[in-house]
Amino acid sequence: MRRCLNPPRNGEGDHAKHGGGGPSPAWVLGPPPPPPAAAVPLPVPGRNGFTLVELLVALTIFALLSAAGVTLLSFSVRAQAAADQRLERLAEIRRAGALLTSDLAQAAPRISRDEAGAVRPALIGGSGQGDALILSLVRRGWENLDGANRPSLQKVQYRWVSGRLERTAYRHVDGGPAMAPVAVVTGVRTVRMRYRDPRGEWRERWDPTQPTLMPTAVEMQIDTEQSGSIRQLFLVGAAV
């Protein structure tokens, strides 16, 4: 916009039009006009949200992802439970091996008496084929942490009862009652025992004529529901 600072006096404009002399009118340019405002698009009716088809597609995708997540989580939980059960069975086998290794390695050639007073050999070994009593022996090295008035010898027995391999200990070697049995291995289907005599021959049972004679090695083969067939070999007493 142009603004006239010195408007022409009377007659000066006409004089200029006719070519007459005289001072020219003073015209000054003002500031430039502002640029036109940008056009703002108007909202189109009916396009402010999702359509029904878009919502259905989104819900379908979410349902598929949720189902896949639940399936993966269930599989992970089942796999973890199976792994824990497998590790527990392996831990049972290792505990049984550790207990038998310790008991047989410290076996003493010492006869004992049962609760009825009958004399029992130093080591009794069954075959495991239908025998509830698998192994009975007297071991050394029973720790006396409480300082009780008892010897360091302890009578222990291993039995196969209702699919469990149990270890029973006695407070006294001669005529004492048994303590509560402890399940060493569960899920045992079969047990097979063998005993190696001092001449190197293997026997299915150990029932020697000399009550203090003991085998040099004991072999145990058990068949479990989870781990299958497992064979372990243990040295006895002085043969260690």
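Relevant structure appears above.
Residues numbered from 1 in each chain as written. Predicted model: local features only at pLDDT ≥ 70, side-chain atom pairs only at ≥ 80, totals over all residues. Heavy atoms only, no water.

J.: Whenever I open this one, the overall build of the protein confuses me. Can you help?
T.: In terms of regular secondary structure, the protein is built from two helices and 13 strands. Considering only intrachain contacts with a sequence separation of at least 6, the fraction spanning at least 24 residues in the protein is 50%. (Helix = DSSP H or I, 4+ residues; strand = E, 2+ residues; numbered from the N terminus. Contact = heavy atoms within 4.5 Å.)

J.: Can you help me understand helix α2 (residues 52-105) in this one?
T.: Within an α-helix, residues lying three or four positions from one another point in the same direction, as the helix has 3.6 residues per turn. Taking 1.5 Å per residue, 54 residues should reach 80 Å; α2 reaches 79 Å between its end C-alpha atoms and fits that length. Those residues of α2 not exposed but buried are E92, I93, A96, G97, L100, D103 and L104. (Expected span 1.5 Å × (residues − 1). Buried < 20%, exposed > 50% of the residue type's maximum accessible area, 1.4 Å probe, protein only.)

J.: When you look at the packing of aromatic side chains in this model, what are you seeing that I'm missing?
T.: Applying the stated criterion across every chain yields a total of zero aromatic pairs. The ring centre of Y170 lies 4.5 Å from the NZ or CZ of K155, which sits over that ring. Across from the ring centre of W202, 4.7 Å away, lies the NZ or CZ of R194, which sits over that ring. (Phe/Tyr/Trp six-rings, centres within 6.5 Å; stacked < 30°, edge-to-face > 60°. Lys NZ or Arg CZ within 6 Å of the ring centre and 35° of its normal.)

J.: Would you explain the side chain of T224 in this entry?
T.: Relative to the elements of secondary structure, T224 occurs in strand β12 (residues 217-224). A residue is classified by how much of its surface remains accessible, and T224, at 4% relative accessible area, is buried. When neighbours within four sequence positions are excluded, T224 is seen to be in contact with I93, V185, G187, V188 and R189.

J.: Explain a nonpolar patch on the surface here, please?
T.: A surface patch of nonpolar side chains, about 390 Å² in accessible area, is lined by V53, V57, I61 and L65. With respect to the helices and strands, the residue V57 is situated in helix α2. (Patch = residues over 30% accessible without salt bridge, like charges linked within 9 Å, V, L, I, M, F, W, Y side chains within 5 Å. Areas by Shrake-Rupley, 256 points an atom, 1.4 Å probe, with all protein chains shown as cover. Salt bridge = Lys/Arg side-chain N within 4 Å of Asp/Glu carboxyl O.)

J.: Any chance you could explain unusual backbone geometry here in plain terms?
T.: Glycine aside, the phi torsion of most residues is negative, and most peptide linkages are trans. Of note in the backbone geometry, S162 takes a positive phi value of approximately 50° without being a glycine. When you line up the elements, S162 lands in the loop between β7 (154-161) and β8 (164-169). Residue classification places S162 among the exposed residues on the basis of a relative accessible area of 66%.

J.: In this structure, what is going on with the pairing of strand β10 (residues 188-196)? I would like to understand it.
T.: Moving residue by residue along a regular strand, the side chains alternate between the two faces of the sheet. Two elements, β10 and β12, share eight bridges in a ladder whose sense is antiparallel. Its bridge partner being in β12, T190 is matched across the sheet by D223. Pairing of β10 with strand β11 (residues 202-203) involves two bridges; the strand directions are antiparallel. What sits directly across from R196, in β11, is W202. The loop that links β10 with its antiparallel partner β11 comprises five residues; one of these, G200, has a positive phi angle of about 90°. (Pairing = 2+ DSSP bridges.)

J.: Mind showing me how you'd approach the environment of R192 here?
T.: Positionally, R192 belongs in strand β10. Residues R192 and M220, spaced 28 residues apart in sequence, show a C-alpha to C-alpha distance of 5.9 Å. If we ignore the near neighbours within four places in the chain, the residues touching R192 are S127, Q129, E204, E219, M220 and Q221.

J.: I'm lost on the sheet that holds strand β5 (residues 123-125) in this one. Help?
T.: Strand-to-strand pairing in sheets goes through backbone hydrogen bonds, with the strands running parallel or antiparallel. Taken together, five strands build an open sheet; the order of strands is β5-β6-β7-β8-β9 and the sheet is antiparallel. Pairing within the sheet leaves two strands with one partner each, and these edge strands are β5 and β9 (182-186). Strand after strand, the sheet turns through a mean of 15° between neighbouring axes, direction not considered. The pairing of β5 with strand β6 (residues 133-139) spans three bridges and is classified as antiparallel. Each bridged residue has a counterpart across the sheet, and for G125 the counterpart in β6 is L135. Along the sheet, α2 contacts β5, β6, β7, β8 and β9; its crossing angle with β9, the most-contacted strand, is approximately 125°. (Axes fitted to C-alpha atoms, helices over the stretch in contact; angles between N-to-C directions.)

The values reported here are purely geometric and, on their own, carry no functional implication.
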